[in-house]
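Listed below, chain by chain, are the residues.
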Amino acid sequence: MTGFHEGELAVQQKAGVAHDASRLEGMLRPASLEGGAKKFLAQRDFAAITARDDDGRLWTTALSGLPGFLASRDSTLTIGTAPGAGDPLHGVPAWQPVGVLVIDLALRRRVRINGELVHSTGEELEIAAEQAYGNCPQYIHPHEVTQPASSLPVITDGTLGAEQKALIENADTFFLGTAHPTRGADTSHKGGEPGFVRVEGGDVWWPDYPGNNMFNSLGNIAIDPTASLLFLDFATGTALHLTGTATIEWDAGGETGRAVRFHPTRTVLNSWS
């Protein structure tokens, strides 16, 4: 899990930032969740996780709890909750790669933790971390984490109805899950002004803004197009989960010329907690 993989290196090269990215490779050293990371985790009340369900579909979902529900020791992260009934990752199976993003949307701080889910029950998840590093606060919009009431999920074959489209196109925040065949899963935060994500002919499209030049997400997509999206309405507690495939567009115009087009194959609309 150390160093950039072939997809990340290829995207960095095509984007013309390989030299700048090489200086960040040390961030991918084996994970430690002690010190400042331990304190940061203990004070947070929200995380997003990417994993596969029993059928092998990739999903990203939200987890929340009172500060203290995220605990760490050495390179192990324990999450004191698990996806509930109606969530696409309810009963998420253990012994698989997962990507976790712990983020404070008010303080605009985040930490990515990638590793293996070694224990999964209806009340707790335990992850053996292999990578853990912080990201800059760019594009993070302040939000308060709510505790919504539960609701029955609405599941479709990937068709985006009016409610789903409105949630997507009004969003200033969403979460992207990707995976690599041998280097595990990853969860990243994407943000912009409302309207930066569009629905085009049933696909979801967004520009790729300048970032840290590591290209963890795009590097995974370059090797494996499997991806997942999570949109949250922080005012109502509504959650939209999408699983499908993504492709990189290199002639999209805009600031970087890059964009991502996502084709959903299955969606779940419910609430999160």
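For the structure, check the block above.
Predicted model only: the values in this text are computed from it and were never measured.

On to unusual backbone geometry. Located in the positive-phi region is D74, a residue other than glycine, with phi close to 55°. Inspection of the secondary structure puts D74 in the loop between β3 (70-73) and β4 (76-79). The phi angle at W95 is positive, at roughly 60°, despite the residue not being glycine. Within the fold, W95 resides in the loop between β4 and β5 (96-104).

Judged by how many residues are buried, strand β1 (residues 46-52) sits mostly within the fold: 6 of 7 residues are covered. Across 7 bridges, β1 lies against strand β2 (residues 58-64) in antiparallel orientation. If you follow A48 over to β2, its bridge partner there is A62. Between β1 and β2, which follow one another and run antiparallel, lie 5 residues, and G56 among them has a positive phi close to 85°. As judged from the 4 bridges shared by β1 and β5, these two strands associate in the antiparallel manner. When the sheet's bridge partners are listed, A48 is paired in β5 with L101.

Under the definition given, this model contains 5 aromatic pairs. Their ring planes at 70° and their centres at 5.0 Å tell us that F174 and W206 sit as a pair that is edge-to-face. Of this pair, F174 sits in strand β9 (residues 173-180) while W206 is found in strand β12 (residues 203-207), placing the two residues 32 residues apart along the sequence. A relative accessible area of 1% places W206 in the buried class. Each residue in the set F174, F196, W206, Y209 and F231 is aromatic and connected to the rest through ring pairs, giving one cluster. The cationic tip of R198 hangs over the ring face of W205; the distance from NZ or CZ to the ring centre is 3.9 Å.

With that settled, the discussion passes to helix α1 (residues 6-15). Taken residue by residue, α1 has G7, E8, V11 and Q12 as its buried positions. Taken down its axis, α1 places every buried residue within 130° of arc, on the same side. In α1, the exposed positions that point more than 90 degrees away from the buried face belong to Q13 and K14. Buried residues belonging to α1 abut α2 (18-22), α5 (216-223) and β14 (238-249). Of the residues flanking the end of α1, it is G16, one or two places downstream, whose phi is positive at about 75°.

Extensive coverage of α5 is indicated by the burial of 6 of its 8 residues. Buried residues of α5: N216, S217, L218, G219, N220 and I221, and no others.

Now for the pairing of strand β15 (residues 259-271). Two strands pair when backbone bridges link them, and strand β8 (residues 154-156) and β15 are joined in this way by 3 bridges, in the antiparallel orientation. Its bridge partner lying in β15, T156 is registered against T267. As paired strands, β14 and β15 are joined by 12 bridges and run antiparallel to one another. By the bridge assignment for β15, T238 is matched with S271.

Locating D53 in the fold gives a position in the loop between β1 and β2. For D53, a relative accessible area of 13% puts it in the buried group. A distance of 3.0 Å separates a polar atom in the side chain of D53 from the backbone nitrogen of G56. One polar contact links the side chain of D53 to the main-chain amide nitrogen of R57, over a distance of 2.8 Å.

To continue, consider the pattern of salt bridges. Considering all chains together, one arrives at 10 salt bridges under this definition. D53 is the partner of R57 in a salt bridge, and the nearest nitrogen-oxygen pair spans 3.5 Å. Accessibility expressed as a relative area gives 30% for R57, which makes it partly exposed. Where E249 meets R261, a salt bridge forms, and the shortest distance between an N and an O atom there is 2.7 Å. Pair noted here: E249 is in strand β14 and R261 is in strand β15, with a separation of 12 residues, a long-range link. Judged by its relative accessible area of 21%, E249 is partly exposed.

Conventions used here
- Per-chain numbering applies: the sequence of each chain, read as written, is numbered from 1 onward.
- Whole-chain, interface and lining totals are the exception, using all residues; otherwise, since this is a predicted model, local features are given only for residues with pLDDT of at least 70 and side-chain atom pairs are given and counted only at 80 or more.
- Working from all heavy atoms in the structure, the side-chain values ignore hydrogens and water.
- Only DSSP runs of H or I reaching four residues or more are called helices, and only runs of E reaching two or more are called strands; each is numbered from the N terminus.
- Burial classes follow relative accessibility: with a 1.4 Å probe on protein chains only, a residue under 20% of its type's maximum area counts as buried, one over 50% as exposed, and anything between as partly exposed.
- A pair of strands is labelled paired if DSSP reports no fewer than 2 bridges between them.
- Geometry of aromatic contacts follows a simple scheme: Phe, Tyr and Trp rings, the Trp one being its six-membered ring, pair when their centres are within 6.5 Å, and the pair is stacked under 30 degrees between planes, edge-to-face over 60, tilted otherwise.
- Geometrically, a lysine NZ or arginine CZ counts as sitting over a ring once it is within 6 Å of the ring centre and also within 35 degrees of the ring normal.
- In this context, the arc is that of the directions from the helix axis out to the C-beta atoms.
- Note on contacts: a residue pair qualifies if any of its non-hydrogen atoms lie within 4.5 Å across the two residues.
- Contacts described as polar in this section are N or O atom pairs within 3.5 Å, which, within protein, must combine one atom able to donate a hydrogen with one able to accept it, while residues neighboring in sequence count only if both atoms come from side chains.
- Take a side-chain nitrogen of Lys or Arg and a carboxyl oxygen of Asp or Glu: if they are within 4 Å of each other, that pair is a salt bridge.

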